Amino acid sequence: MRKPLAGSSIRGGAVAKRAKSEAQAESMLEVRDLAKYFDVSKPWLARMIERAPRQILKAVDGLAFDIKKGQTFSLVGESGCGKSTVAKLVVGLHKPSRGAIRFEGRDVADVRSRADSAALRRRWQMIFQDPYASLNPRWRVRDIIAEPIRVFGLIKSRGEQDEKVAALLRQVGLSPVDGEKYPHEFSGGQRQRISIARALSSNPEFLVCDEPTSALDVSVQAQILNLMKDLQNEFGLTYLFISHNLAVVYHLSDKIGVMYLGRLCEVAGSKELFARPQHPYTRLLLETIPDLEMTGREREPVAGEVPNPINPPSGCAFHPRCPFANDRCRSEIPLPTERAGHTVACHAAEEGRLPDAKFPAPKRPSAS
Amino acid sequence: MSDNPLGVSRPTSLLHRILDSDIFYSFSHSPITVLSAIVTAIFFLAAAFAPWVAPHNPFDPATLDLLDAFTPPAWEEDGSTKFLLGTDDQGRDILSTIIYGSRVSLIVGFSAVLFSVILGVGLGLLAGYLGGWLETIVMRMADVQLTIPAILVALMIDGVARILVPVHLRDELAIYVLILAIGISDWPRYARVTRGAALVERNKEYVSAARVIGVHPIKIMLRHVLPNVLGPVLVLATIGLALAIITEATLSFLGVGVPPTQPSLGTLIRIGNNFLFSGEWWITLFPSIALVILVLAVNLLGDWLRDALNPKLR
Amino acid sequence: MALLEVEDLRVEFPTRRGALLALDGVSLEINEGEVLGVVGESGAGKSLTGAAIIGLLEPPGRVTGGKIRLEGHRIDTLSYEEMRNIRGKKIGAIFQDPLTSLNPLYTIGRQLIETIRVHMDVSPEAARARAIELLGEVGIPAPERRIDSYPHEFSGGMRQRVVISLALCANPRLIIADEPTTALDVSIQAQIIALLKKLCREHKTAVMLITHDMGVIAETADRVAVMYAGRVAEIGPVKRVVKQPKHPYTVGLMGAIPMVGHDVERLTQIEGAMPRLNEIPPGCSFNPRCPKVFDKCRMERPELMPAGRNAEAACWQFDKGGRRG
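Q: Please explain the side chain of H279 of chain A as it appears in this structure.
A: Residue and element names in this part refer to chain A. Assignment of secondary structure puts H279 in the loop between α10 (270–275) and α11 (280–287). Judged by its relative accessible area of 2%, H279 is buried. Once you skip the residues sitting within four places of it in the chain, H279 turns out to touch C265, E266, F318, V344, A345 and C346.

Dropping the structure here:
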């Protein structure tokens with residue numbers, strides 16, 4: 001149900017231009033109407049005794065986004081918004097309850113044969129959040145890194161495999177002798193480097209990064225973020241980046257999707273999103289960014305907390321915290337609509353009831 | 001030398017790593033553990049090299065002399081230095097029968113533990129990693145079996161197996177039946193521990209990383225999950241060895257274990273029991289002491305291992 | 001006179017390979033009503049500093065040197081019993097995980113009332129009234145109803161509010177808040193920070209805010225101490241430290257933080273990692289990673305020294321001739 005939007009015609013030209021330049025880049029990943037429901041009911045017997053109904057957690061509900069080749073798309077949101085579930089759906093750790101994931105235009109669900117599936121899996125890899133749980137403590141680092149090589153049968157000879165592992169270790173800033181050691185001999189940041197080396201070992205084109213720096217100290221985070229950018233420039237990697245840290249996302253992304261309780265509120269280019277946030281929830285999130293410029297800006301903290309995702313509010317899930325909510329917001333789920341380069345799911349934005357963003361645009365905007 | 005070098009040190013030799021490890025440190029600083037290890041090692045070595053270690057071969061009829069029967073221990077009035085711990089009713093040297101007996105006890109105990117570890121860890125791993133109806137069936141079976149005392153289960157299996165085995169093979173197969181009976185009676189403990197540990201490991205990200213690249217579930221179980229659940233299983237197996245030896249001794253004492261032709265410690269105690277009230281106390285007492293010392297030593301080792309491998313207690 | 005003075009504090013952990021020096025000569029002061037941020041990366045010793053001050057060091061860690069004075073009186077020499085009286089009455093504590101600070105088996109009302117009555121001689125009714133008042137103050141809606149709820153009936157943010165009200169029970173002069181917002185979502189974080197700031201202003205309570213998050217410090221603190229490898233690297237007013245950091249470590253740290261509106265291709269990178277306690281190099285502990293290192297840094301350990309207006313940093317580049325005592 002897309003209604004023509006006030007204001008969209010004015011900026012129409014710019015939008016068309018932008019859309020055209022975007023269309024030139026090929027899509028790496030397209031996600032359509034993606035949903036994942038979890039049955040979190042109590043066991044059958046307990047349910048019968050307590051006469052409790054089945055409980056369904058809609059972790060992800062009706063998500064749609066595209067990731068262009070060589071770009072970084074980020075999903076941000078608070079805990080429980082479903083962003084990690086999206087990452088797991090994309091790499092096949094969960095089966096979607098509904099919807100399609102298309103990798104280079106090909107629906108992943110259609111790939112059935114083992115050989116095809118392996119050919120596809122080789123091309124994407126995942127980097128995890130917890131550097132202590134993501135490496136098997138009983139394996140030597142060289143075996144950890146070489147696992148994808150072995151599984152996909154990329155290099156048969158042992159000597160070449162060792163060379164490749166040594167090259168990967170050097171690539172991520174470690175030394176080839178480190179391959180002989182076990183994960184416990186490394187710090188958190190070094191473990192995350194090993195994780196990245198493992199992910200790169202099958203020469204993937206697409207990396208799904210689930211909060212890869214959240215468990216790291218800032219100085220180490222900077223090292224890892226720099227490494228990720230270097231690798232992207234060198235190999236033309238495409239990233240799906242999951243994070244709760246807005247500044248990290250701003251630093252890394254080309255395009256950002258903001259999630260709230262399993263749905264996308266707003267999708268826009270990185271600079272654009274931070275300069276002109278549309279959805280009230282995006283505005284709330286931007287409001288929480290700490291003021292490291294020391295401008296003395298007094299923030300007014302937003303009231304309310306994220307509701308329980310098992311019993312989300314009716315209509316727009318954000319309405320209990322939204323200052324612009326009306327009866328329609330309380331009853332009808334807003335659908336994503338295009339508006340000035342943003343895809344926004346908000347009745348107020350659609351009806352033009354939102355005041356202009358009072359969030360100060362980036363203080364030092366880039367020349368572009 | 002530090003425990004966790006920052007990635008700047010060279011890999012060190014295995015021996016060096018073992019001597020430098022926290023586990024070795026905790027071992028060498030616990031006198032009781034060192035003593036238990038020495039005692040256990042003595043039992044193991046004596047059992048393994050029984051034909052060379054034992055002063056007599058108690059099962060070679062040619063060397064037996066009924067005139068030597070009921071010789072008391074060497075320090076008693078009628079004792080002989082030839083038979084340090086005395087002899088039994090057939091003139092067999094008690095020390096030698098103990099050495100040969102612990103050999104049988106240890107073989108049965110070890111094999112039974114191995115059997116239940118393979119069964120229990122295998123089922124526990126499948127249940128924990130795959131979940132679903134398989135988990136429900138395996139774990140309910142384990143629950144049901146745990147409500148029955150292990151010794152009863154072993155007795156039952158032993159009884160059933162004896163009926164199935166032809167008469168002339170009974171003595172020959174008795175030891176295997178015993179291993180099977182004790183092994184089956186003990187698997188639920190391993191299954192439970194393995195399942196619990198596998199449930200934890202299954203959700204760790206290194207397993208996800210293997211799943212992302214499409215490693216087969218069986219391979220993930222064997223190569224990733226299994227090595228990481230073996231710690232608690234090792235502790236359990238050590239204490240399980242002590243339990244299996246006791247179960248074997250109990251069964252043999254009750255007369256359903258190994259036959260008197262190849263007696264275990266339990267059989268020896270039973271045989272000696274007949275003479276306890278006629279004054280020949282040494283026939284039953286010394287095998288009993290041997291059993292207690294062996295079980296205690298293995299148990300203490302197991303206790304130490306549990307504490308040493310538990311990061312919370314360190 | 002400062003409310004809290006920490007002077008040359010040393011904390012050691014005995015191990016089988018000799019004692020590890022976890023805190024090595026930490027000195028800082030907190031004035032009345034002031035928020036002092038203590039920032040550092042994991043292992044820098046910031047939480048240990050807090051734990052040492054309230055006498056809750058986890059064994060086998062122990063204070064082996066230095067002095068801690070509260071309102072001019074030594075508190076590091078007090079017995080466990082005396083210290084327990086000080087905790088709660090004079091010094092309140094807020095920890096990262098609100099669940100560990102609350103007993104799950106008792107209603108929050110019972111816990112609040114008990115704490116109030118331990119420190120103040122009041123009737124149960126008066127204590128309950130005070131508890132409701134406190135809960136209202138920390139922003140719990142309908143406190144007269146919520147007071148009889150159990151901790152699990154609250155959300156994470158609300159629980160942290162309850163913990164803050166517990167810390168405030170006896171009107172302490174100082175609150176030690178160790179990563180109070182780390183476990184919370186960003187929007188809740190902002191609420192808790194605003195609440196802390198408001199309460200300190202109203203009650204004139206001083207706060208020692210321990211966190212790894214420079215953003216939280218920038219929003220909340222008046223002054224900040226930057227810790228590195230068990231020592232204070234730099235200390236000064238928060239605005240100065242954030243805008244013009246002096247110590248090379250702080251400079252690197254600030255550059256490493258990605259910021260909205262800063263369009264940089266690469267973040268400033270401090271090579272390497274903080275040394276482990278058993279591998280702290282001689283001289284300045286930062287010297288192997290320091291871009292401005294010179295010979296003296298590898299030999300002698302720098303103490304905090306004036307580094308321009310409003311600034312103290314433990315770095316030899318600010319050494320104006322001659323050695324200081």
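Q: Explanation requested: the environment of W187 of chain B in the structure shown.
A: Residues and elements named next belong to chain B. Relative to the helices and strands, W187 is located in helix α8 (residues 170–202). In this structure W187 comes out as buried when scored by relative accessible area, which is 4%. Distance in space between the C-alpha atoms of W187 and D307 is 23 Å, their sequence separation being 120 residues. Contacts of W187, omitting those with residues within four sequence positions, involve S116, L119, G120, L123, V138, M141, A142 and Q145.

Q: Where do I start with empty space enclosed by the protein in this structure?
A: Gaps left between atoms show up when a probe the size of a water molecule is rolled over them. For the structure on display, the rule yields 7 cavities of 30 Å³ or more. Taken together, 14 residues form the lining of the largest cavity, with P248, C284, C290, C297 and C315 of chain C sitting closest to its centre. Broken down by class, the residue content of the lining of the largest cavity amounts to 10 nonpolar, 3 polar and 1 charged. Its boundaries defined by the atoms lining it, the second largest cavity holds a volume of some 60 Å³. Along its surface, the second largest cavity is lined by H279, P280, C316, F318, H319, C322, A325, C329, P334, C346 and H347 of chain A. Looking at the lining of the second largest cavity residue by residue, the class counts come to 8 nonpolar, 3 polar and no charged.

Q: Got a minute to help me understand the side chain of Q160 of chain C in this structure?
A: Along the chain, Q160 of chain C turns up in helix α7 (residues 156–168). Looking at Q160 of chain C, its side chain comes within polar contact range of the main-chain oxygen of F95 of chain C, at 3.2 Å.

Q: Even after reading the chapter, I still don't get the pairing of strand β3 (residues 72–76) of chain A, so can you show me in this structure?
A: Residues and elements named next belong to chain A. Judged by how many residues are buried, β3 sits mostly within the fold: 5 of 5 residues are covered. Side chains T72, S74 and V76 of β3 all project onto a buried face; the interleaved residues F73 and L75 project onto the opposite face, where all are buried too. As defined by bridge partners, β3 adjoins strand β8 (residues 238–243) across 5 bridges and the pair is classed as parallel. Bridging across to β8, V76 finds its partner in S243.

Q: Even after reading the chapter, I still don't get the packing of helix α6 (residues 132–146) of chain B against α8 of chain B, so can you show me in this structure?
A: How two helices pack is summed up by the angle between their axes together with the distance between the axes. Residues and elements named next belong to chain B. Taken N-terminus to C-terminus, the directions of α6 and α8 make an angle of 135 degrees; their axes are 9 Å apart at the nearest point. If you check the angle between α6 and α8, you find them oblique. Between α6 and α8 lies a crossing whose hand is left-handed. On the side of α6, the interface is formed by E135, V138, M139, M141, A142, D143, Q145 and L146, while α8 contributes I184, S185, D186, W187, P188, R189, A191, R192, R195 and L199.

Q: Is there a simple way to think about the sheet that holds strand β2 (residues 56–68) of chain A in this case?
A: Residue and element names in this part refer to chain A. Spatially, β2-β1-β4-β5 is the arrangement adopted by the 4 strands of the open sheet, whose pairing is antiparallel. Each of the sheet's edge strands pairs with one partner strand only, and the pair in question is β2 and β5 (106–107). Pairing of strand β1 (residues 27–39) with strand β4 (residues 98–103) involves 5 bridges; the strand directions are antiparallel. Residue pairing across strands places E30 opposite R102, the latter belonging to β4.

Q: I'm lost on a nonpolar patch on the surface in this one. Help?
A: All names here are of chain B. A surface patch of nonpolar side chains, amounting to about 490 Å² of accessible area, comprises L14, L15, I18, L19 and F24. Take the nonpolar patch: its biggest share by element is 4 residues, from helix α1 (residues 14–20). Topologically, L14 is positioned in helix α1. What makes L14 exposed here is its relative accessible area of 58%.

Q: Where do I start with the nonpolar core in this structure?
A: One broad rule of soluble globular proteins: the nonpolar side chains tend to lie buried together. Formed by 94 residues in total, the largest nonpolar core has its most connected members in I91, I164, L174 and M214 of chain C. For I164 of chain C, the residues in contact, after removing those within four places along its chain, are I94, V138, I192, L195, L196 and L199 of chain C. The next biggest cluster of nonpolar side chains, apart from the first, holds 59 residues, and it includes I144, L168, V172 and L284 of chain A.

Q: Can you walk me through the pairing of strand β4 (residues 62–70) of chain C in this structure?
A: For a regular strand, side-chain orientation follows a simple rule: the groups alternate between the two sheet faces. All names here are of chain C. Where strand β1 (residues 4–15) meets β4, 7 bridges bridge the pair, whose relative direction is antiparallel. Bridge pairing in β4 places L4 opposite L70. Taken together, β4 and the strand that follows it, strand β5 (residues 73–74), pair antiparallel across an intervening segment of 2 residues, in which E71 is found at a positive phi of about 50 degrees.

Q: Mind showing me how you'd approach the interface of chain A and chain C here?
A: Quoted interface sizes are often the accessible area lost when the parts come together. On the side of chain C, 42 residues touch chain A, which itself brings 47 residues to the contact. Contact between chain A and chain C buries roughly 3800 Å² in total, counting both sides, with carbon and sulfur atoms accounting for 53%. On the chain A side of the interface with chain C, the three residues burying the most area are L292, M294 and E305 of chain A, jointly 20% of the side's total. Here chain A and chain C share 3 salt bridges between them.

Q: Looking at this structure, how should I read the packing of aromatic side chains?
A: Any aromatic ring pair is given by two values, namely how distant the centres are and how the planes are angled relative to each other. Applying the stated rule across the entire model yields 17 aromatic pairs over all chains. Arranged with centres 5.9 Å apart and planes meeting at 55 degrees, the rings of W281 of chain B and F286 of chain B form a pair that is tilted. Residue W281 of chain B is classed as partly exposed on the basis of its relative accessible area of 29%. A relative accessible area of 13% places F286 of chain B in the buried class. Put simply, the rings of W75, W281, W282 and F286 of chain B touch in pairs and so form one group of aromatic residues. A cation over a ring is seen here: R189 of chain B above Y190 of chain B, with NZ or CZ 5.6 Å from the ring centre. R110 of chain C extends its terminal NZ or CZ atom over the ring of Y106 of chain C, reaching a point 3.8 Å from the ring centre.

Q: Any chance you could explain the confidence of the model for chain B here in plain terms?
A: Interpretation of the predicted coordinates at a detailed level should be avoided for regions scoring low in pLDDT. Residues and elements named next belong to chain B. Looking at chain B, pLDDT values average 85 and 94% of them are 70 or higher. Mean pLDDT across the elements of chain B ranges from a minimum in α1, with 73, to a maximum in helix α9 (residues 205–212), with 94. Low pLDDT, under 50, characterises residues 1–10; the predicted model gives this stretch 27 contacts beyond four residues in sequence or across chains. Predicted complex, confidence summary: ipTM 0.88, pTM 0.86.

Q: Teacher, can you tell me more about the pattern of salt bridges here?
A: Two side chains with opposite charge may pair up if their charged atoms get near one another. Scanning the entire structure with this criterion turns up 52 salt bridges over all chains. Close ionic contact of R276 of chain A with E272 of chain A constitutes a salt bridge, the shortest N to O distance being 2.9 Å. A salt bridge links R10 of chain C to D24 of chain C; its shortest N-O distance comes to 3.6 Å. Of this pair, R10 of chain C sits in strand β1 while D24 of chain C sits in strand β2 (residues 18–30), placing them 14 residues apart in sequence. Judged by its relative accessible area of 29%, R10 of chain C is partly exposed. Taken together, the salt bridges that share partners define one network made up of E26, K69, E104, R122, R123 and E205 of chain A.

Criteria and thresholds
Residues numbered from 1 in each chain as written. Chains lettered and ligands numbered in written order. Predicted model: local features only at pLDDT ≥ 70, side-chain atom pairs only at ≥ 80, totals over all residues. Heavy atoms only, no water. Helix = DSSP H or I, 4+ residues; strand = E, 2+ residues; numbered from the N terminus. Buried < 20%, exposed > 50% of the residue type's maximum accessible area, 1.4 Å probe, protein only. Contact = heavy atoms within 4.5 Å. 1 Å grid on protein atoms, 1.4 Å probe; cavity = no way out; pocket = protein on both sides within 12 Å on 5 of 7 lines; lining within 4 Å. Points joined across faces, edges and corners; volume = space filled by probe spheres on them. Nonpolar A, V, L, I, M, F, W, Y, C, P; charged D, E, K, R; others polar. Polar contact = N/O pair within 3.5 Å; in protein donor to acceptor, adjacent residues only side chain to side chain. Pairing = 2+ DSSP bridges. Axes fitted to C-alpha atoms, helices over the stretch in contact; angles between N-to-C directions. Parallel < 35°, antiparallel > 145°, perpendicular 65-115°, else oblique. Left-handed = near helix turned anticlockwise from the far one by under 90°. Patch = residues over 30% accessible without salt bridge, like charges linked within 9 Å, V, L, I, M, F, W, Y side chains within 5 Å. Areas by Shrake-Rupley, 256 points an atom, 1.4 Å probe, with all protein chains shown as cover. Salt bridge = Lys/Arg side-chain N within 4 Å of Asp/Glu carboxyl O. Core = buried A, V, L, I, M, F, W, Y, C linked by side-chain atoms within 4.5 Å. Buried area = accessible area lost by both parts, 1.4 Å probe. Phe/Tyr/Trp six-rings, centres within 6.5 Å; stacked < 30°, edge-to-face > 60°. Lys NZ or Arg CZ within 6 Å of the ring centre and 35° of its normal. pLDDT = per-residue confidence, 0-100.

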